[in-house]
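Listed below, chain by chain, are the residues.
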Amino acid sequence: MLARKGLLPDGFLLTRLAEDQNQLNRTRSRFQRARFITKSGSCNVAHKNIMEQGRFLQDVFTTMVDLKWQHSFLIFTSAFLCSWMLFAMIWWLLAFAHGDLEPRDPNGEPGLVPCVTAIHSFTSAFLFSIEVQVTIGFGGRMVTEECPLAITVLIVQNILGLIINAVMLGCVFMKTAQANRRAETLIFSKHAVIAPRNGRPTFMFRVGDLRKSMIISATVQLQVIRRTVTAEGEVIPVCQLDIQVENPLRSNGIFLVSPLIISHTMERGSPLYELSAQSLTSEDLEIIVILEGVVETTGITMQARTSYTPEEILWGRRFVSIMTEEDGRYCVDYSKFGNTVPVRMSSLSAKELDQTRGVQDGGTDVNPQGWGLVRAGRGGFRRGGRTCDSSATQPWYAQSEKAEGGLEQEGQKKKVQLEVIGRQMEEDGLGDMSK
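What you see is a predicted model; the values in this text were computed from it and never measured. All residue numbers refer to positions counted from 1 along the written sequence of the respective chain. Where totals are concerned, whole chains, interfaces and linings use all residues; where local detail is concerned, this predicted model gives features only for residues with pLDDT of at least 70, and gives and counts side-chain atom pairs only at 80 or more. Only hydrogens and water are set aside; all other atoms, that is, all heavy atoms of the structure, feed into the side-chain values.

> It is not clear to me how the nonpolar core should be interpreted in this structure. Could you clarify?
Note on soluble globular proteins: their nonpolar side chains tend to be buried together. Nonpolar cores were defined as sets of buried Ala, Val, Leu, Ile, Met, Phe, Trp, Tyr and Cys residues, with membership established by side-chain atoms within 4.5 Å. Burial classes: relative accessible area under 20% of the type maximum marks a residue as buried, over 50% as exposed, and values in between as partly exposed (1.4 Å probe, protein chains only). Judged by nonpolar contacts, the single largest core of 36 residues is most densely connected at Phe 203 and Phe 205. Numbering of helices and strands runs from the N terminus; a helix is a DSSP stretch of H or I covering at least four residues, while a strand is a stretch of E covering at least two. Elements that contribute at least two residues to this core include exactly strand E1 (186–188), strand E2 (192–197), strand E3 (200–209), strand E4 (215–229), strand E7 (260–265), strand E8 (285–295), strand E9 (301–308) and strand E10 (313–315). The criterion used for residue contact is that any of the two residues' heavy atoms lie within 4.5 Å. Those residues within four positions of Phe 205 in sequence are excluded, and the remaining contacts are Phe 188, Ser 189, Ala 192, Val 220, Leu 222, Leu 260, Ile 261, Ile 262, Val 289, Tyr 308 and Phe 319.

> Is there a simple way to explain the environment of Gly 338 in this structure?
Looking at where Gly 338 falls in the secondary structure, it is placed in the loop between strand E13 (329–332) and strand E14 (340–342). Along the backbone, Gly 338 and Phe 188 are 150 residues apart, and their C-alpha atoms lie at a distance of 8.5 Å.

> Would you explain the pairing of E8 in this entry?
Every regular strand shows the same layout, with side chains that alternate between the two sheet faces. Within E8, nine of the 11 residues are buried, leaving the element largely enclosed by the surrounding structure. Think of it this way: DSSP has to see at least two bridges between two strands before they count as a pair. Of the strand pairs in this sheet, E4 and E8 are connected by 10 bridges, and their pairing is antiparallel. Within the sheet, the bridge partner assigned to Val 220 lies in E8 and is Leu 291. Hairpin remark: E8 followed by E9, antiparallel, with five residues in the connecting loop; positive phi at Gly 299, about 75°.

> So what exactly am I meant to see when it comes to the side chain of Arg 317 here?
Relative to the elements of secondary structure, Arg 317 occurs in strand E11 (residues 317–319). Under the relative-accessibility criterion, Arg 317 is labelled buried at 16%. Identification of polar contacts relies on pairs of N or O atoms within 3.5 Å, with a donor-acceptor requirement for protein atoms, meaning one able to donate a hydrogen and the other able to accept it, and with residues adjacent in sequence counted only if both atoms are side-chain atoms. At 2.9 Å, the side chain of Arg 317 and the side chain of Thr 340 are in polar contact.

> Even after reading the chapter, I still don't get the state of the cysteines, so can you show me in this structure?
Cysteine sulfur atoms that pair up within 2.5 Å are treated as a disulfide. Applying the stated criterion across every chain, the model contains one disulfide. One disulfide bridge connects Cys 115 with Cys 147, the sulfur atoms lying 1.7 Å from each other. Handedness here is read from the sign of the S-S torsion; for Cys 115 and Cys 147, about -50°, the answer is left-handed. Here the residue Cys 115 occupies a position in the loop between helix H3 (69–98) and helix H4 (122–133), and Cys 147 occupies one in the loop between H4 and helix H5 (148–176), the gap between them amounting to 32 residues. The pair Cys 115 / Cys 147 is uniform in exposure class, with both members buried.

> Is there a simple way to think about the UniProt feature "transmembrane region" (unreviewed entry) in the chain in this case?
UniProt positions are given in the numbering used here, feature names are shortened, and annotations may be inferred rather than shown by experiment. As recorded in UniProt, the feature "transmembrane region" (unreviewed entry) lies at residues 73–94 and 149–173. Secondary structure content for residues 73–94 is 100% helix and 0% strand, while the C-alpha to C-alpha distance between its ends is 32 Å. Strand forms 0% of residues 149–173 and helix 100%; the C-alpha atoms that close the span are 36 Å apart.

> When you look at unusual backbone geometry in this model, what are you seeing that I'm missing?
One non-glycine residue with positive phi stands out, namely Asn 198, at about 55°. For Asn 198, the position within the fold is in the loop between E2 and E3. Within the chain, Ser 217 stands out as a residue other than glycine whose phi angle is a positive 55°. With relative accessibility at 58%, the residue Ser 217 sits in the exposed group.

> Explain the environment of Val 132 to me, please; I cannot follow it from the model alone.
Inspection of the secondary structure puts Val 132 in helix H4. For Val 132, a relative accessible area of 8% puts it in the buried group. Spatially, the C-alpha atoms of Val 132 and Ile 155 are 9.5 Å apart, while their sequence positions differ by 23 residues. In contact with Val 132, not counting residues within four places along its chain, are Leu 154, Gln 157 and Asn 158.

> Can you help me understand the packing of H3 against H5 in this one?
To characterise two packed helices, one gives the angle between the axes of the helices and the distance between these axes. The N-to-C vectors of H3 and H5 enclose an angle of 175°; their axes lie 11 Å apart at closest approach. Classified by the interaxial angle, the pair formed by H3 and H5 is roughly antiparallel. Side-chain classes follow a simple rule in which Ala, Val, Leu, Ile, Met, Phe, Trp, Tyr, Cys and Pro form the nonpolar group, Asp, Glu, Lys and Arg form the charged group, and the remainder, Gly included, forms the polar group. When grouped by side-chain class, the residues that make up the contact of H3 with H5 number 19 nonpolar, five polar and one charged. Inter-axis angles, ranging from 0 to 180 degrees, are taken between N-to-C directions of lines fitted to C-alpha atoms, where helices are fitted over the stretch in contact. When an angle is under 35 degrees it counts as roughly parallel; over 145 it counts as roughly antiparallel; between 65 and 115 it counts as roughly perpendicular; any other value is oblique.

> Please explain a nonpolar patch on the surface as it appears in this structure.
To count toward a patch, a residue needs a relative accessible area over 30% and no salt bridge; like charges are then connected within 9 Å, while nonpolar side chains (Val, Leu, Ile, Met, Phe, Trp, Tyr) are connected within 5 Å. Using a 1.4 Å probe, the Shrake-Rupley method yields the accessible areas, and only the shown protein chains count as cover for residues. In the sections that follow, a salt bridge refers to a side-chain nitrogen of Lys or Arg positioned within 4 Å of a carboxyl oxygen of Asp or Glu. Side chains of Phe 61, Ile 151, Ile 155, Ile 159, Ile 163, Val 167, Phe 173 and Met 174 sit close together on the surface and give an oily, nonpolar patch of about 710 Å² of accessible area. Broken down by element, the residue count for the nonpolar patch peaks at seven residues, all from H5. Among the structural elements, Phe 173 can be located in helix H5. With a relative accessible area of 54%, Phe 173 lands in the exposed category.

Rendered as structure tokens:
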């Protein structure tokens, strides 16, 4: 349908159909995993058996902001109705104690001045309570100077009404201006991919912002959630491991003007170093993506989250380019945002590839653990040397230090030999002069 309408090319449509079919087969073959973070960014954690429920009442404002809209409206309505009913009862008791509710003869003497005029029943007291708290003032009822207690009640009700209005308006404003609303226009690719980049297996996903207003100081953080067992036998059901992000700016900070492909190189020290195409389907892990920044228009710190399970990671595929230059400016085609194309890639893990390259480069059978990539300065790597002892690895700089030490020893030996030769020449010269 999309191809017939011209929204997607036929090639990309066939690619997407193949991905969906592969995804369906992989999903059917495995049981349903529990996600730590859903695709929408919400935390899939249920808190049970909380004994100290009173702690939530110590922070009433945050508790009310976290409530759902229907619960918030119920609390707002109940707060206003309860305050009106409470003060209506107080006004009715004042009128009853002062004798304002007793029937009077309209043709007789006027009698005492009431505390509040035109209050004859509880209904009229309820109407007067609403007029006082919302400052309507229809003019039919008013407080007189006869009862100082009534004036005090009027002041208390006005102050309490202002507090209720302030709290309710603040909750409504905070709920409408929450940072997660801004995250609705931040999109992540449905699938992550693993493809070779600069000769190394690389984990990649795409992120984009649909709004023109920017996210200031945006940073991306990756974490791997997996079940681990320690050496002592302790089972950690949710173990969080950080992943080094290698975006185009070579840091965790990104300039999210256009969609970016965030990558992580699967090298030694990476939690994905031993991940292969075969083990990917059986791995029990989840890669969480956290994007944080400050909203340019409001100045509120926001956070967008998503996650990728093994079923959502495609091996041997790469994202297509979606940016073109037209009429002197860059254009982004979001219809191809999640499209991928297959690439030639080995099904071995990064660790197995390093071991294979180590055997081929050395020409002899060596210990695979002695080979690896060692950081040699900013942005550079050097390959480690082979070790004679299979129990420990030898870094690349050990050989250089050993070589330098040998040169120094040879230099000292040569220096001693020259001094001996000089002494012999001096003795021979003195002998000739004596003769």
